[in-house]
Amino acid sequence: MRKIIVVLLSFLLLFCGCSKKLGADEIAKLLGTDKLPYDYYCAEFLIDETNLVDVTSSVDYVFVGKVTGYDKTEYDEDGESPMTYYKVEVEDNIKGELIKNQEIVLVKSGGITEDHKKFNLCYDDILPRIGERYVFCAYVMEYINELYCFGPNTVCKVEKTDLMEDAAYLRYTEASKKIAQDIFEGKHIVSRYDVNYNK
């Protein structure tokens with residue numbers, strides 16, 4: 001009888017340990033690391049996502065920002081397709097004019113799954129880490145008016161303190177000077193974080 005009780009208790013402890021949900025601080029420390037396995041998915045794009053001119057032409061904003069915090073993760077009605085809400089401070093605008101020196105919200109496709117056991121992310125994409133600087137290529141999600149990064153080459157880490165010495169910054173700056181005419185059609189959406197919003 002005692003042996004059965006010990007086995008049952010061991011099973012319950014194992015089950016509870018595996019189903020433990022993580023707090024926001026714990027998730028923030030895991031983002032962008034390899035401490036959880038990654039479940040990658042394929043996605044189809046209307047642009048050539050490997051071409052930076054196509055990427056920068058299709059988005060509403062290109063900017064350098066420091067990730068200052070993690071807010072939350074939201075899921076679709078099936079509990080899948082995580083979207084990670086980051087807090088970001090804009091350092092430099094490459095395309096568009098976002099406000100600087102204050103936190104804004106940036107939504108990133110991908111993130112921790114609802115059971116907190118792995119990350120779900122598009123192939124060739126990355127999840128930003130708290131405290132790091134990146135070049136972000138962001139669309140405006142019109143129905144909630146949030147900045148949104150989705151897919152390869154929409155997030156690229158900045159390695160150098162001086163932006164003029166950073167290879168990624170220079171590549172995206174150069175690409176943003178060009179317009180892919182077959183992609184850019186009409187006016188881009190203005191973010192609520194734009195300096196000219198509602199003016």
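Everything below is about the structure printed above this text.
Here is what the cut-offs are and how they apply
- Residues numbered from 1 in each chain as written.
- Predicted model: local features only at pLDDT ≥ 70, side-chain atom pairs only at ≥ 80, totals over all residues.
- Heavy atoms only, no water.
- Pairing = 2+ DSSP bridges.
- Helix = DSSP H or I, 4+ residues; strand = E, 2+ residues; numbered from the N terminus.
- 1 Å grid on protein atoms, 1.4 Å probe; cavity = no way out; pocket = protein on both sides within 12 Å on 5 of 7 lines; lining within 4 Å.
- Points joined across faces, edges and corners; volume = space filled by probe spheres on them.
- Nonpolar A, V, L, I, M, F, W, Y, C, P; charged D, E, K, R; others polar.
- Buried < 20%, exposed > 50% of the residue type's maximum accessible area, 1.4 Å probe, protein only.
- Core = buried A, V, L, I, M, F, W, Y, C linked by side-chain atoms within 4.5 Å.
- Contact = heavy atoms within 4.5 Å.
- Salt bridge = Lys/Arg side-chain N within 4 Å of Asp/Glu carboxyl O.

What to know about the sheet that holds strand 1 (residues 38-41)
Spatially, three strands are ordered 1-6-5 in an open sheet, and the strand pairing comes out mixed. The sheet terminates laterally at strand 1 and strand 5 (111-112), the two strands that pair on one side only. One ladder, built from four bridges, connects strand 1 with strand 6 (residues 119-122); its direction is parallel. Residue pairing for strand 6: Tyr 38 is matched across the bridge by Phe 119.

Focus on the layout of surface pockets
Approximately 210 Å³ is the volume found for the largest pocket. Lining the largest pocket are twelve residues; nearest its centre among them are Phe 45, Leu 46, Ile 47, Ser 58 and Tyr 139. Considered class by class, the residues forming the lining of the largest pocket number eight nonpolar, three polar and one charged.

As for the pairing of strand 7 (residues 133-141)
Within strand 7, eight of the nine residues are buried, leaving the element largely enclosed by the surrounding structure. Summarising the sheet, strand 7 and strand 9 (residues 155-157) pair through three bridges and their orientation is antiparallel. For Tyr 134, the partnering residue across the bridge sits in strand 9 and is Lys 157. Inspection of the sheet shows strand 7 paired to strand 8 (residues 146-149) by three bridges, in the antiparallel sense. Looking at the pairing, Met 141 lines up with Glu 146 of strand 8. Hairpin connection from strand 7 to strand 8: four residues lie between these consecutive antiparallel strands, with Asn 145 at a positive phi of about 55°.

Details of the nonpolar core
Core analysis: the largest hydrophobic core is formed by 34 residues, its most contacted members being Phe 63, Val 88, Leu 98, Ile 104, Leu 106, Phe 136 and Leu 147. Secondary-structure elements contributing two or more residues to this core are helix 2 (24-30), strand 2 (61-74), strand 3 (83-95), strand 4 (103-109), strand 6, strand 7 and strand 8. Setting aside residues no more than four positions away along its own chain, Leu 147 makes contact with Tyr 61, Phe 63, Leu 98, Ile 104, Val 105, Leu 106, Val 107, Ala 138, Tyr 139, Val 140, Ser 191 and Tyr 193. Within the second largest apolar cluster, 16 residues are counted, among which are Val 59, Val 64, Val 135 and Ala 168.

Here's the deal with the environment of Val 62
Tracing the backbone through its elements, the reader meets Val 62 in strand 2. Once the C-alpha coordinates of Val 62 and Asn 93 are considered, the two residues, 31 residues apart in sequence, prove to be 6.5 Å apart. Not counting residues within four places of it along the chain, the set of residues in contact with Val 62 comprises Thr 56, Asn 93, Ile 94, Lys 95, Val 135, Phe 136, Cys 137, Tyr 172 and Ser 176.

Concerning the pattern of salt bridges
Following the criterion strictly, the structure yields seven salt bridges and no others. Where Asp 39 meets Lys 118, a salt bridge forms, and the shortest distance between an N and an O atom there is 3.5 Å. One end of the pair, Asp 39, is in strand 1; the other, Lys 118, is in the loop between strand 5 and strand 6, and 79 residues separate them in sequence. The exposure class assigned to Asp 39 is partly exposed, which follows from its relative accessible area of 32%. Close ionic contact of Glu 132 with Lys 157 constitutes a salt bridge, the shortest N to O distance being 3.7 Å.

Notes on the pairing of strand 6
Burial of strand 6 is two-sided: the residues Phe 119 and Leu 121 facing one way and the residues Asn 120 and Cys 122 facing the other way are all buried. The pairing of strand 5 with strand 6 spans two bridges and is classified as antiparallel. Its bridge partner lying in strand 6, Ile 112 is registered against Phe 119. Adjacent in sequence and paired antiparallel, strand 5 and strand 6 are bridged by six residues, among which His 116 carries a positive phi angle near 65°.

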